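Residue-level structure breakdown
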Number of protein chains: 2
Amino acid sequence: MATIYDVAEAAGVSISTVSHVLNETRFVSENTRAKVLEAVTRLNYHPSSLARALVRQETRTIGLIVPDNVNPFFAELARGIENHGFQAGYSVILCNSDRSTSKELAYLETLLSKRVDGVIYMTTDMATDRLMPFHEEGIPIVTFDRDYDNIDSILLDNFQGGYDATRHLLELGHTRIGCIAGPDSPSRSSDRVRGYRAALEEAHIPYNPDLLCVGDWTARSGQVAASEFLRLPVPPTAIFSCNDMMAVGAIAFLRDRGCHVPQDISVIGYDNISLSAYVCPPLTTIATPIEQIGQGLCQMLLDCIGEKLPAETQRVTVRGALLVRESTAQVT
Amino acid sequence: MATIYDVAEAAGVSISTVSHVLNETRFVSENTRAKVLEAVTRLNYHPSSLARALVRQETRTIGLIVPDNVNPFFAELARGIENHGFQAGYSVILCNSDRSTSKELAYLETLLSKRVDGVIYMTTDMATDRLMPFHEEGIPIVTFDRDYDNIDSILLDNFQGGYDATRHLLELGHTRIGCIAGPDSPSRSSDRVRGYRAALEEAHIPYNPDLLCVGDWTARSGQVAASEFLRLPVPPTAIFSCNDMMAVGAIAFLRDRGCHVPQDISVIGYDNISLSAYVCPPLTTIATPIEQIGQGLCQMLLDCIGEKLPAETQRVTVRGALLVRESTAQVT
DNA sequence: CTGAAAGCGCTTACAG
DNA sequence: CTGAAAGCGCTTACAG
């Protein structure tokens with residue numbers, strides 16, 4: 001592969017000059033400019049980002065850690081990030097953690113060695129001190145839906161979302177409302193559940209633990225939860241699922257048991273992954289602007305990268321909006 | 001950020017020694033070894049992959065170019081690749097092309113500059129000469145479902161798949177079978193359509209152009225296609241969709257029009273994205289081992305990277321298998 | 001058993 | 001208007 005030396009030699013100039021014409025970083029006479037450019041194309045020269053990164057101390061690469069890019073929610077988030085990064089001239093390294101702490105650590109280590117300019121981290125609730133090495137090295141981190149000291153983040157108003165979803169069901173006359181929670185992690189899921197319970201309480205409906213199932217965000221776990229609900233002496237007439245995928249799984253199971261949604265049982269999801277408009281029936285859900293959030297996370301990170309100073313910690317909260325489609329209906 | 005010099009100084013040894021203990025590349029006395037290791041942890045030293053890459057001439061990074069990682073098919077493929085790469089110590093840079101030639105070129109350029117060790121390329125039918133720069137620079141490329149000279153690839157037996165899908169419908173007694181094709185690109189879609197036509201012909205059913213709609217692989221376009229079918233004087237009794245997402249879209253539209261699947265109309269997809277088991281009704285499809293293919297692509301690439309020699313061009317063909325679920329039924 | 005030095009391929013003051 | 005040289009942070013022959 002041609003180097004800057006090859007180009008310089010071919011053009012009969014110094015490597016400084018080659019560098020300067022390529023980066024347009026100082027004036028070069030039209031004549032030598034032309035010679036350099038000619039040599040560049042003739043030799044098919046592609047400057048090494050590695051060498052440049054070494055001296056410039058920036059790689060124009062960011063790391064993205066998600067639990068699983070197959071999960072449509074994270075897929076859409078990743079898309080928003082990649083999009084925005086591309087426009088700004090950054091590449092993104094995709095890291096799936098499967099919510100495994102050891103994989104996270106391994107990837108964090110790799111990203112540190114690769115000298116990424118920043119990382120977008122979203123996943124388990126790793127102890128903050130795992131993230132600190134980055135902070136100390138001056139590598140910006142932003143997180144999503146997790147609140148750490150000193151780390152910028154975009155947060156969701158999960159309590160409000162859970163509350164709104166449940167209110168919607170209550171207003172349709174449901175009083176026996178099941179809830180499919182996410183795995184027992186502090187923020188996301190449990191705040192949604194808290195919102196659910198708050199709405200119930202407000203409506204003077206006592207909380208019934210039998211109506212709470214814990215899933216793991218996958219469609220599969222939504223199926224399991226639905227099966228448990230149906231096994232109850234008196235099944236719920238409506239279900240609030242803490243994400244869309246579990247709702248999809250629940251609906252699939254119900255249908256399989258001859259239970260019609262929403263006629264026999266209403267189901268509301270959370271997220272509004274793009275798919276949710278295409279399932280049968282189209283899913284009522286709490287709409288979250290996923291791709292825009294991805295974009296926002298990326299921009300937030302680029303801002304941190306720009307001003308090396310550890311400025312004020314930023315926190316943006318996004319509130320979801322109830323989106324009524326066809327999976328919920330008046331209680332019969 | 002601490003460098004190897006800092007560590008060497010702190011441990012009172014030379015940088016060679018530090019390098020050797022870290023890479024275990026030559027014997028170092030237990031005593032100095034300990035001193036080095038101590039300094040490493042004390043200084044929180046993380047060797048720069050950049051510097052290493054510069055001398056070793058390998059980055060342990062690969063590029064992945066897909067049209068859109070939100071499309072579940074590519075999401076699953078990417079997952080398989082990332083997984084396998086991780087195990088082998090490689091990171092992957094995620095590049096979405098949106099099937100735009102200019103984005104592809106921009107990313108190809110970036111990957112070349114970042115000196116990735118190889119790229120997995122899947123997307124439009126860019127002229128082969130676009131890929132050639134890589135080949136010439138000795139950077140291995142593997143492709144998926146596209147056949148280029150001198151480039152390793154995993155291919156799908158699309159003709160057979162289209163044929164099998166259509167045979168399935170024929171065997172259920174359908175004779176009026178619609179087909180939703182992908183965008184007009186040589187390989188994937190049109191071979192599936194060819195298989196469809198071959199099965200029809202074999203059954204002595206004349207090909208009817210009205211029964212062929214062209215989509216763009218998205219659920220949205222599946223909806224549009226279904227609407228066109230329903231607008232026909234005599235709509236089809238079965239639909240073969242060239243991928244699952246369009247089938248999902250078609251089913252959503254049909255349901256919206258009060259048309260039941262499979263009672264009123266059968267629908268068969270292609271791919272077996274993991275979602276297809278959870279839609280209503282669960283989708284009959286041509287099952288493709290997507291994640292394994294991703295893994296295979298990654299391994300193929302790593303093989304190329306290993307032996308720098310441009311060995312025999314490899315081509316592996318994967319045949320899909322009919323997977324009958326509930327979206328297809330006997331004609332009524 | 002360990003160190004000094006060249007080199008990977010760039011950018012960027014410093015000079016003229 | 002352009003070049004010589006230092007330096008980014010490593011690995012790896014070459015020596016002893």
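See the structure shown above.
Thresholds, definitions, all that
Residues numbered from 1 in each chain as written. Chains lettered and ligands numbered in written order. Predicted model: local features only at pLDDT ≥ 70, side-chain atom pairs only at ≥ 80, totals over all residues. Heavy atoms only, no water. Helix = DSSP H or I, 4+ residues; strand = E, 2+ residues; numbered from the N terminus. Rg over C-alpha atoms; globule rule 2.2 N^0.38 Å. Buried < 20%, exposed > 50% of the residue type's maximum accessible area, 1.4 Å probe, protein only. Contact = heavy atoms within 4.5 Å. Areas by Shrake-Rupley, 256 points an atom, 1.4 Å probe, with all protein chains shown as cover. Lys, Arg positive; Asp, Glu negative; His and termini not counted. Charge placed at Lys NZ, Arg CZ, Asp CG, Glu CD. Least-squares fit on C-alpha atoms with pLDDT ≥ 70 in both. Pairing = 2+ DSSP bridges. Axes fitted to C-alpha atoms, helices over the stretch in contact; angles between N-to-C directions. Salt bridge = Lys/Arg side-chain N within 4 Å of Asp/Glu carboxyl O. Polar contact = N/O pair within 3.5 Å; in protein donor to acceptor, adjacent residues only side chain to side chain. Near = heavy atom within 4 Å. Nonpolar A, V, L, I, M, F, W, Y, C, P; charged D, E, K, R; others polar.

So, on to the overall build of chain A. Check the secondary structure of chain A and you find twelve helices and twelve strands. For 332 residues, the compact-globule formula gives about 20 Å, and the C-alpha radius of gyration of chain A, at 26 Å, lies well above that figure. Considered along the principal axes of its C-alpha atoms, chain A spans approximately 85 × 35 × 30 Å. The 332 residues of chain A split such that 56% are buried. Taking the contacts inside chain A whose residues are at least 6 apart along the sequence as the reference set, 71% of them involve residues at least 24 apart. Carbon and sulfur atoms provide 51% of the accessible area of chain A, an area that totals close to 13700 Å². Averaged over its 28 positive side-chain charges, chain A has a centre that lies 4 Å from the centre of its 40 negative ones.

Relating one copy of the chain to the other requires a rotation about an axis plus a shift along that axis. For the match of chain B to chain A, the screw axis carries a shift of 0.0 Å, the RMSD comes to 0.0 Å, and the turn is 180°. Within this description, the copies of the chain are treated as partners about a two-fold rotation axis. For chain B, the minimum C-alpha distance to the rotation axis belongs to Ile93(B) and amounts to 2.2 Å. Most of the interface of chain B is mirrored in chain A, where 100% of its interface residues again form contacts.

For the rest of this paragraph, the subject is the environment of Gly306(A). As for its position among the elements, Gly306(A) is in helix H12 (residues 290–306). Note: C-alpha distance between Gly306(A) and Asp117(A) (189 residues apart in sequence) is 9.9 Å.

All names here are of chain B. Sheet architecture is open: four strands sit in the order E7-E6-E8-E9, paired in parallel fashion. Bordering the open sheet on either side are strand E7 (212–214) and strand E9 (266–268), each of which pairs with just one other strand. Strand-to-strand, the axes of this sheet are offset by a mean angle of 20°, without reference to chain direction. Sheet analysis places strand E6 (residues 177–181) next to strand E8 (residues 238–241), joined by four bridges and oriented parallel. When the sheet's bridge partners are listed, Gly178 is paired in E8 with Ile239. Its contacts with the sheet put helix H10 (residues 219–231) on E6, E7 and E8, and the angle it makes with E6 is roughly 150°.

Across the contact, 59 residues belong to chain B and 59 residues belong to chain A. At the boundary of chain B and chain A, one finds six salt bridges. Of the charged contacts, one joins Arg79(A) and Asp98(B) as a salt bridge, the two residues approaching to 2.2 Å between their closest N and O atoms. Summed over the shared surface of chain B and chain A, the result is 30 residue pairs in polar contact (both at pLDDT 80 or more).

Attention now goes to unusual backbone geometry. The linkage connecting Val261(B) with the following residue, Pro262(B), adopts the cis geometry, with an omega of 10°. Mapped onto the elements, Pro262(B) comes out in the loop between helix H11 (244–256) and E9. The linkage connecting Cys280(B) with the following residue, Pro281(B), adopts the cis geometry, with an omega of -10°. Considering the arrangement of structural elements, one finds Pro281(B) in the loop between E9 and strand E10 (285–287). Notably, Asp145(A) is not glycine yet its phi reads approximately 60°, a positive angle.

With respect to spatial proximity, 29 residues lie near DNA strand D, and among them Ser16(A), Thr17(A), Arg26(A), Ile4(B) and Ser19(B) are the closest. A share of 59% of the atoms of DNA strand D within 4 Å of the protein falls on sugar and phosphate groups. Within the contact set of DNA strand D, a base nitrogen lies 2.6 Å away from a side-chain nitrogen or oxygen of Ser16(A). Here a base oxygen of DNA strand D sits 3.4 Å away from a polar atom, N or O, in the side chain of Ser16(B). Among the elements of the structure, helix H2 (15–23) and helix H4 (49–56) of chain A together with helix H1 (4–11), helix H2 (15–23) and helix H4 (49–56) of chain B are those that each provide at least two residues to the surface near DNA strand D. Residues of the surface near DNA strand D, tallied by class, amount to twelve nonpolar, twelve polar and five charged.

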